[in-house]
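For reference, the chains in residue letters:
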Amino acid sequence: MFRKLFSASVAQSNLHHCHLLLIPITNIQKPFTPANFIPNLVTESCFVARFQDITPFPRFSSSYSGMGDSRRPLSVPIPAVDKADKSELLRALETSLGSSFSSEPLIPNPKPLIIVISGPSGVGKDAVIKKLREAREGLHFVVTATSRAKRPGEVDGKDYFFVSKGEFQSMVERNELLEHALVYGDYKGIPKQQIREFMGKGYDIVLRVDVQGAQTLRKILGNSAVFIFVVAESEMAMVERLVDRKTETKESLLVRIATAREEVKHLQNFDYVVVNAKGKLENAVTLVSSIIDAEKAKREKSSRNCEDNRSK
Ligand SMILES: Nc1ncnc2c1ncn2[C@@H]1O[C@H](COP(=O)(O)OP(=O)(O)OP(=O)(O)O)[C@@H](O)[C@H]1O
């Protein structure tokens, strides 16, 4: 496995700083990650960033080529900080430290994230996602294909791709779906093409799936995706929402409620739980948005994947 340090130490320097070490790892073989799912699109390699107590600096300007040891910094006077011209001070600091200051980003841009939003029927997944769509940019909400009938107000191609059972079967046969399942008598599936296309453009991806689908996606995506479980504050609140929605028959209500009782037992498979309490939809949306921000700032998830891969 190819590895290369993007950092070099300064010989004879007595400076010891906490410094960023970047290790690109290529030719990784693993079942599925956003990176290898989208070949040549997201990243060619995976960068592990961590702080280590090493000495700076990787680059040295050509002005040091005349030195006996080309890596040794010059000893130059540094002007007084309160009196010196800023650019003069910066130049003197660069010279003393042995390299110019780079304006390049210290770490690569975060890779696109896949966010899986799931939960029992009627907890408000669609309502949360609708608001999230309005609140955030840079997210692509994958439009699920479904064989179920359109509900009032739903728009084909925006809320779902409404297809016949026959059309759905054809999509399965053409291997166009990342995951699919029969949910309450209707098929639902996630088109792969949208994920490829929008991850390639740098978008974070939001997938909305039932709990059964989330379990399948966990097996496919592992820890490379963030799994959020949405719940109502109580079973009563969830049932009331389903009843008030007026989209279900009494038979369908019975199935959905019985299924929901089973589904809450699968909470441990998720990374986060968001309670969507009655009249507090905005709070739930804010929490989901904060989770996305935190996950994008936290790079251990992708680093951990890299570590996992390196050991394989
Ligand atoms: N915080 C909330 N307070 C009150 N009503 C809500 C709240 N969140 C959602 N609802 C309402 O509850 C009903 C169910 O919500 P929604 O359709 O989004 O659930 P869902 O989880 O997507 O359900 P399904 O999985 O069956 O499609 C809708 O009528 C919605 O407007």
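Because the structure is a prediction, the values reported are computed rather than measured.

Conventions used here
Residues numbered from 1 in each chain as written. Predicted model: local features only at pLDDT ≥ 70, side-chain atom pairs only at ≥ 80, totals over all residues. Heavy atoms only, no water. Pairing = 2+ DSSP bridges. Helix = DSSP H or I, 4+ residues; strand = E, 2+ residues; numbered from the N terminus. Axes fitted to C-alpha atoms, helices over the stretch in contact; angles between N-to-C directions. Contact = heavy atoms within 4.5 Å. Polar contact = N/O pair within 3.5 Å; in protein donor to acceptor, adjacent residues only side chain to side chain. Near = heavy atom within 4 Å. Areas by Shrake-Rupley, 256 points an atom, 1.4 Å probe, with all protein chains shown as cover.

Undergrad: Report on the sheet that holds strand S3 (residues 114-118), specifying residues and quantitative values.
TA: Taking strand neighbours across the sheet as the criterion, the five strands line up as S4-S9-S3-S10-S11 in an open arrangement whose pairing is parallel. A single partner strand is all that each edge strand has here, and the edge strands are strand S4 (139-141) and strand S11 (272-275). Sheet twist, expressed as the average angle between the axes of neighbouring strands with direction ignored, equals 25°. Set on the sheet, helix H9 (residues 281-297) makes contact with S3, S4, strand S9 (204-208), strand S10 (225-231) and S11; between it and S11 the angle comes to about 160°.

Undergrad: Can you break down the sheet that holds strand S7 (residues 177-183) residue by residue, with the values?
TA: The sheet built from four strands is open, its strands ordered S6-S5-S8-S7 with mixed pairing. Only two strands of the sheet have a single partner each, and these edge strands are strand S6 (160-162) and S7. Looking at each pair of strands side by side, their axes are set apart by 25° on average, direction ignored. The sheet contact formed by strand S5 (residues 144-146) and strand S8 (residues 186-191) spans two bridges and is antiparallel. Paired with Ala-145 across the two strands is Gly-189, which belongs to S8.

Undergrad: Any chance you could break down the side chain of Lys-296 for me, citing the residues and the numbers?
TA: Here Lys-296 is to be found in helix H9. A polar contact of 2.9 Å, which involves the side chain of Lys-296, links it to the side chain of Asp-204. Sequence-distant contacts of Lys-296, that is, excluding residues within four places in its chain, are made with Pro-110, Lys-111, Leu-113 and Asp-204.

Undergrad: Please give an account of the site of the ligand that cites residues and values.
TA: The environment of the ligand is formed by 19 residues, the closest being Ser-121, Lys-125, Arg-208, Arg-245 and Asn-276. Here Gly-122 contributes a backbone N or O atom positioned 3.0 Å from an oxygen atom of the ligand. Residue Asn-276 places a side-chain N or O atom 2.8 Å away from a nitrogen atom belonging to the ligand. Out of a free accessible area of 640 Å², the ligand has 80% covered by protein chains. Every element with two or more residues in the shell around the ligand is listed here: helix H3 (125-135) and helix H7 (235-245).

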